[in-house]
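Observations on the three-dimensional arrangement
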Amino acid sequence: MLKLHGFAVSNYFNMVKLTLLEKGLDFEVKVVHGSQDPDFLAISPRGKVPCLETEHGFINETNVILEYIEETQGGKRLLPEDAYQRAIVRALTKEIELYIELPARSCYMEVFFGGKVDQAIKAKAKAELLAGVATLKRHGKFAPYVAGSEMTIADVMFLYSFDLACAVAKKLFEIDLLADFPQAKALLEQLGKNANVQQVEADKNAEMAAFIAAAKAGKK
């Protein structure tokens, strides 16, 4: 059985968890937080979550894990059969991660954990985030899913990246990223009705208060 190592507040962990649920796969969750402990570095070289334990060993990096699951497991397809269409999905997934998730992430400490982020970092994040959203508007189909008529890994990345980016943009920059992006708003609402998404959200909410308290305590 596949074993997913990580914790329910991590958006990257939740990308993998939702993928496993959507494909109807049996898996076990091993609750662990990222660290530089030698034992954890032995299974996740950068000390980050998630990592996936397979019969052959451990796999790290979320996009690689998602691809591995798609290549080796059955259930619902989350990548198209056509090579060109697969490339489109992969490009959208990468664009969302590099140009939306990562700029927003640079500001998480101030938005969610009561810390402070340097003004230069915030200015850079704002510019990159707005450029990333513009990229998604140009490239995404939202018909109704990011890449077209079927749910793919691009939607998994979108779901667990765009909501956090919206929180960053609203709190730090007083910008509503959904105001002139109704397709994205509609997709978030649609995905929110998915039973597996609701399960992942409930698990996250159950851990959130303790996680935030611990994170804030660690910064004192």
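Here the structure is a predicted model, which means the values were calculated and not measured.

1. What about the pattern of salt bridges?
Per the stated rule, a full pass over the model turns up eleven salt bridges. Its salt-bridge partner being glutamate 70, residue lysine 23 comes within 3.1 Å of it at the nearest N-O pair. Residue lysine 23 is found in the loop between helix H1 (11-22) and strand E2 (27-31), and its partner glutamate 70 is found in helix H3 (residues 62-72); the two are separated by 47 residues along the sequence. When sorted by exposure, lysine 23 lands in the same class as glutamate 70, which is buried.

2. A short note on the UniProt feature "domain: GST C-terminal" (unreviewed entry) in the protein
Cross-referencing UniProt, the feature "domain: GST C-terminal" (unreviewed entry) maps to residues 82-212 in the present numbering. For the annotated span residues 82-212, helix accounts for 76% and strand for 0% of the residues, and the straight-line distance between the end C-alpha atoms is 43 Å.

3. Considerations on the packing of aromatic side chains
According to the stated counting rule, one finds eight aromatic pairs in the structure shown. Consider the rings of tyrosine 108 and phenylalanine 112, whose centres lie 5.4 Å apart with planes at 75 degrees: the pair is edge-to-face. Here phenylalanine 112 and tyrosine 108 lie together in helix H5 (residues 108-112), a separation of four residues that amounts to about one turn. Overall, tyrosine 108 belongs to the buried group, its relative accessible area being 9%.

4. A closer look at the pairing of strand E1 (residues 2-6)
E1 sits mainly inside the fold: four of its five residues count as buried. Pairing of E1 with E2 involves five bridges; the strand directions are parallel. Note on E2: the bridge partner recorded for glycine 6 is valine 31. One crossover worth recording links E1 to the parallel E2 by way of H1, and it is right-handed. Strand direction decides the pairing type here: E1 and strand E3 (residues 51-54), joined by three bridges, are antiparallel. Residue lysine 3 lies in a different strand from E3, and its bridge partner there is glutamate 53.

5. Considerations on unusual backbone geometry
The residue after valine 49, namely proline 50, is reached through a cis peptide bond having omega 5 degrees. Of note, the bond from alanine 143 into proline 144 is cis; its omega dihedral lies within 30 degrees of zero at -5 degrees. Assignment of secondary structure puts proline 144 in the loop between helix H6 (119-139) and helix H7 (153-173). Of note in this structure, glutamate 61 is not a glycine but carries a positive phi near 75 degrees. By the element assignment, glutamate 61 lies in the loop between strand E4 (57-60) and H3. On the basis of relative accessibility, which here comes to 44%, the residue glutamate 61 falls in the partly exposed class.

6. Describing helix H8 (residues 182-192)
Residues Ala184, Leu187, Leu188 and Leu191 constitute the buried set of H8. For H8, the angular spread of the buried residues around the axis is 100 degrees, confining them to a single face.

7. Section: the environment of leucine 102
By secondary structure assignment, the location of leucine 102 is in helix H4 (residues 83-105). A relative accessible area of 36% places leucine 102 in the partly exposed class. In contact with leucine 102, not counting residues within four places along its chain, are Tyr12 and Glu97.

The rules behind each value
- Residues numbered from 1 in each chain as written.
- Predicted model: local features only at pLDDT ≥ 70, side-chain atom pairs only at ≥ 80, totals over all residues.
- Heavy atoms only, no water.
- Salt bridge = Lys/Arg side-chain N within 4 Å of Asp/Glu carboxyl O.
- Helix = DSSP H or I, 4+ residues; strand = E, 2+ residues; numbered from the N terminus.
- Buried < 20%, exposed > 50% of the residue type's maximum accessible area, 1.4 Å probe, protein only.
- UniProt positions renumbered as here; feature names shortened; annotations may be inferred.
- Phe/Tyr/Trp six-rings, centres within 6.5 Å; stacked < 30°, edge-to-face > 60°.
- Pairing = 2+ DSSP bridges.
- Right-handed = clockwise from strand over helix to strand, strands pointing away.
- Arc of directions from axis to C-beta.
- Contact = heavy atoms within 4.5 Å.

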